Amino acid sequence: MTHNLLVELGLEEMPAYVVTSAMEQLGERMRAYLTENRLTFDHIEVFSTPRRLAVRVKGLSDKQSDLEEDFKGPAKKIALDSDGNFTKAAEGFVRGKGLTVADITFRKVKGEEYVYVTKHEEGKSARSVLDNVTSVLKNLSFPVNMHWANNTFEYIRPVHTLIVLLDNEALSLDFLDIKSGRTSRGHRFLGTEVEISSADSYEEDLRHAFVIADSKERKAMIISQIEAIEKEHDVTVEIDDDLLDEVLNLVEYPTAFMGSFDEKYLAVPEEVLVTSMKNHQRYFVVRDKSGKLLPNFISVRNGDSNFLDNVIKGNEKVLVARLEDGAFFWHEDQKLLISDLVEKLKHVTFHEKIGSLFAHMERTKVIADYLAEKAGLTADEKEAVLRAASIYKFDLLTGMVGEFDELQGIMGEKYAVLAGESEMVATAIREHYLPNSADGALPETKVGAILSIADKLDTVLSFFSVGLIPSGSNDPYALRRATQGIVRILDAFGWDIPLDELITDLYTLSFESLEYAHKDQVMDFVVARIEKMMDSNIAKDIREATLASSTYIVGAMLAASQALAKKSNTSDYKAAVESLSRVFNLAEKAENSGLVDPSLFENDEEKALYDAVNSLDLSNEMTENLDKLFALSPVIDAFFDNTMVMAEEESLKNNRLALLSSLVAKASQIAAFNKLNTK
């Protein structure tokens, strides 16, 4: 016999961004609870709205599975005295397991006998195990918690109702002083309290109270309603996934509708209108079939279609206020001069320990100049980089960005064009913010990419220099994201700029505003971001070996890790790596990297290795490079078989170490082979 279990927690409205993750976490924790308590089940379903989290377990077993567990005790020589009677050690052991000495058996383990007992525990009924099921709710974690009234406990939001149903039986439990029953709350305005008849009737019972508990069903309703509007009005609606998920978790009974605004606002840049609608009002953008923005929007009401005209008018009124702000700032900002705004940046703090935004831009300009040379930009591109670096933060002081901070960079590009700046400069101003997330879009132009790297480099170095270094998961200034952006851009553009040389060179720069410090920690931080870009399926030792290479060119390190991972599955991998590893380990004993003197060779194997190393020509193709290195394995083995590297005569020893060091100098461009595991 199996059962269906329902647990629902009713709360005040949760933040939209919390709802889905909390629902999924509830399902995972319920699964763990049942597994830990040896209760089997068919599958688990989860539900959520802004005011409830629920989980239903289908096919729950009637009782726990029986438990049979072996316990190893003391050795036989300790468990029995000289007369063959059980000692206190044996008696204490079995007593601790709830058994007696009559349950003892002896088993031989590695030649010696030990006490063993087997404990049988009959499974309890599911009903008794579920007495503690509210611990699942207690163990949910949230980004923020709150406490209310005179309560000392904290939770994401105040709790109002608790339902625990085993089939149609309401279990009497409690959670945070809330007693369980079968009463849930319907829609805040359209519904009333509703009795949940059984675990199976949950969705239908709530539907009568204007609550769609299944988030997947709510999402399908929203999409279907929007598609109906599209068809009716012959328009196209941008259904942004993130926005859809947010709207989904703001409503319990969705009704989509279309509103409009005056066409005069279309004269304002599209980005302003879209930001006002999507980011501030949670509206979906409407376009015609050719992709042109229309003076319309789609919103989703938390309710039915009654009095929808009033709802539309209210939403239009709120949106117009936002659009009026946008139109005002658009016109007013055009009266400002970029030079005046840049001058004012001298009085805008980048960080109180670091200095002004203007000083940050000055340092960025120096770094951008250096990078432009390294990346081989043309004269026109270099000129554009330097001009963009001189002004690129000016839009932060415009009214538009002050009101809509999501438009920083975007408005900078538009205002720069209006002010007569070149397209390369204007685009770079927008692109320097990219990527704006871990996997976000990268700059598309070289000028924008160089400015982005330079800006992020100074940001990271500046914060590290004043001791604001991320620790653990704490990264309030998003320095990990900035560094990830640096290495992603370098890889995407194929710029072979060694990061160790780059960081070292930057630390030789001198600025009145700031002195760079903590170079080693910065380098470790950068290397950690490169590792983050490596395929997670690549073995740890391969990642460590390539990260310890002498190259520090992002693309080369990533390619080397991929090539080594592929090679690790071949038959010659173990022998070749062990040969090269031996070379690396011995080369570490060299006190200096002197030149190899062929006249000191005492056998043909030395000469053969010398010739092989000299003819070894590595390229940018890492698989090909590994083939060449692995082909040296027989030559290396023959050298070691016939040559005493650590010879007593100092000149011979140093010459042989120099020979090995010359091979390491080339091979380490790919990886530190002595860090690879072949066992």
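Bear in mind that the values here come from a model prediction, so they are computed numbers and not experimental data. All residue numbers refer to position in the chain's written sequence, counted from 1. Reporting of local features is limited, given that this is a predicted model, to residues whose pLDDT is at least 70; pairs of side-chain atoms are given and counted only at 80 or more, and all residues count toward the totals for whole chains, interfaces and linings. Calculation of side-chain values draws on the structure's entire complement of heavy atoms; hydrogens and water are dropped beforehand.

### Here's the deal with the nonpolar core
Note the threshold: We define a nonpolar core as any set of buried Ala, Val, Leu, Ile, Met, Phe, Trp, Tyr and Cys residues linked to one another through side-chain atoms lying within 4.5 Å. Throughout this description, buried means an accessible area under 20% of the type-specific maximum (1.4 Å probe, protein chains only), exposed means over 50%, and partly exposed covers the range between. Here a helix means four or more residues in a row that DSSP labels H or I, a strand means two or more in a row labelled E, and each is numbered from the N terminus. Only heavy atoms enter the contact rule, under which two residues are in contact if any of them lie within 4.5 Å.
One finds Met277, Leu371, Met400, Leu457, Trp495, Leu499 and Ile530 to be the most contacted residues of the largest nonpolar core, which totals 92 residues. Tallying contributions element by element places helix α17 (residues 446-465) first for this core, with 11 residues. With near-sequence residues (within four places) excluded, leucine 457 lies in contact with Ile367, Leu371, Ile486, Leu502, Ile503 and Leu506. Within the second largest apolar cluster, 44 residues are counted, among which are Tyr573, Ala576, Leu663 and Ala671.

### As for the pairing of strand β3 (residues 52-61)
What counts, and what does not: Whether two strands pair comes down to DSSP finding at least two bridges between them.
Across the 10 residues of β3, nine count as buried, placing the element largely inside the fold. Looking at chain direction, strand β1 (residues 2-11) and β3 are connected through eight bridges and run antiparallel. The residue of β3 that forms the bridge with leucine 9 is leucine 53. Bridge count for strand β2 (residues 43-49) against β3 is seven bridges, and the pairing is antiparallel. For histidine 43, the partnering residue across the bridge sits in β3 and is lysine 58. Count of turn residues in the β2/β3 antiparallel hairpin: two residues.

### Let's talk about the packing of aromatic side chains
Spelled out, the test is: Each aromatic pair joins two rings of Phe, Tyr and Trp (for Trp, the six-membered one) with centres within 6.5 Å, and gets the label stacked for planes under 30 degrees apart, edge-to-face for over 60, and tilted for any other angle. Distance and angle both matter: a charge sits over a ring if NZ of Lys or CZ of Arg is within 6 Å of the ring centre and within 35 degrees of the ring normal.
Inspection of every chain in the model, using the stated rule, returns 19 aromatic pairs. Among the aromatic residues, ring-to-ring pairing joins Phe142, Tyr155 and Phe175 into one connected group. One cation-aromatic arrangement involves lysine 346 over phenylalanine 358; the distance from NZ or CZ to the ring centre is 4.9 Å. Between arginine 582 and the ring centre of phenylalanine 640, over which it is positioned, the NZ or CZ distance is 4.1 Å.

### What about unusual backbone geometry?
Residues leucine 434 and proline 435 are joined by a peptide bond in cis, for which omega reads -5 degrees. Within the element layout of this structure, proline 435 appears in the loop between α16 (423-431) and α17. At aspartate 167, a residue that is not glycine, the phi angle is positive and equals roughly 60 degrees. The topology assignment puts aspartate 167 in the loop between β7 (159-166) and β8 (169-170). Of note in this structure, tyrosine 552 is not a glycine but carries a positive phi near 60 degrees. Along the chain, tyrosine 552 falls in the loop between α21 (540-547) and α22 (554-567). The class for tyrosine 552 is buried, based on a relative accessible area of 17%.

### Quick word on the packing of helix α13 (residues 379-391) against α17
Stated precisely, the cut-off is as follows: Only C-alpha atoms enter the line fits that serve as axes; for helices the fit covers just the stretch in contact. Angles between N-to-C directions range over 0 to 180 degrees. Angles are sorted into four bins: roughly parallel if under 35 degrees, roughly antiparallel if over 145, roughly perpendicular if 65 to 115, and oblique for all others. In a left-handed crossing the near helix is turned counterclockwise from the far helix by less than a right angle, and in a right-handed crossing that turn is clockwise.
Relative to each other, α13 and α17 sit at 45 degrees, their axes nearing to 9 Å. The angle between α13 and α17 falls in the class oblique. For α13 against α17, the interelement crossing comes out right-handed. Each of Glu381, Ala384, Val385, Ala388 and Ala389 in α13 lies in contact with α17, whose residues at this interface are Lys446, Val447, Ile450 and Leu451.

### Considerations on the pattern of salt bridges
The condition is simple: The rule for a salt bridge is simple: a side-chain nitrogen of Lys or Arg has to be within 4 Å of a carboxyl oxygen of Asp or Glu.
If you walk through the whole model with that rule in mind, you get 43 salt bridges. Between aspartate 214 and lysine 216 there is a salt bridge, with its nearest N and O atoms 3.7 Å apart. Linking lysine 335 and glutamate 332 is a salt bridge whose minimum nitrogen-to-oxygen distance equals 2.9 Å. Relative accessible area serves as the criterion here: at 31%, glutamate 332 is assigned to the partly exposed category. Ionic contacts of the salt-bridge type, sharing partners, join the residues Glu8, Arg51, Arg52 and Glu252 into one network.

### Looking at the sheet that holds strand β6 (residues 112-121)
If you walk across this open sheet you meet the three strands as β4-β6-β5, and the pairing is antiparallel. Each edge of the open sheet is held by one strand with a lone partner, namely β4 (67-75) and β5 (105-109). This sheet shows a mean twist of 40 degrees between the axes of neighbouring strands, independent of strand direction. One ladder, built from seven bridges, connects β4 with β6; its direction is antiparallel. Counted as the bridge partner of aspartate 70 is threonine 118 from β6. Set on the sheet, helix α3 (residues 88-96) makes contact with β4 and β6; between it and β4 the angle comes to about 160 degrees.

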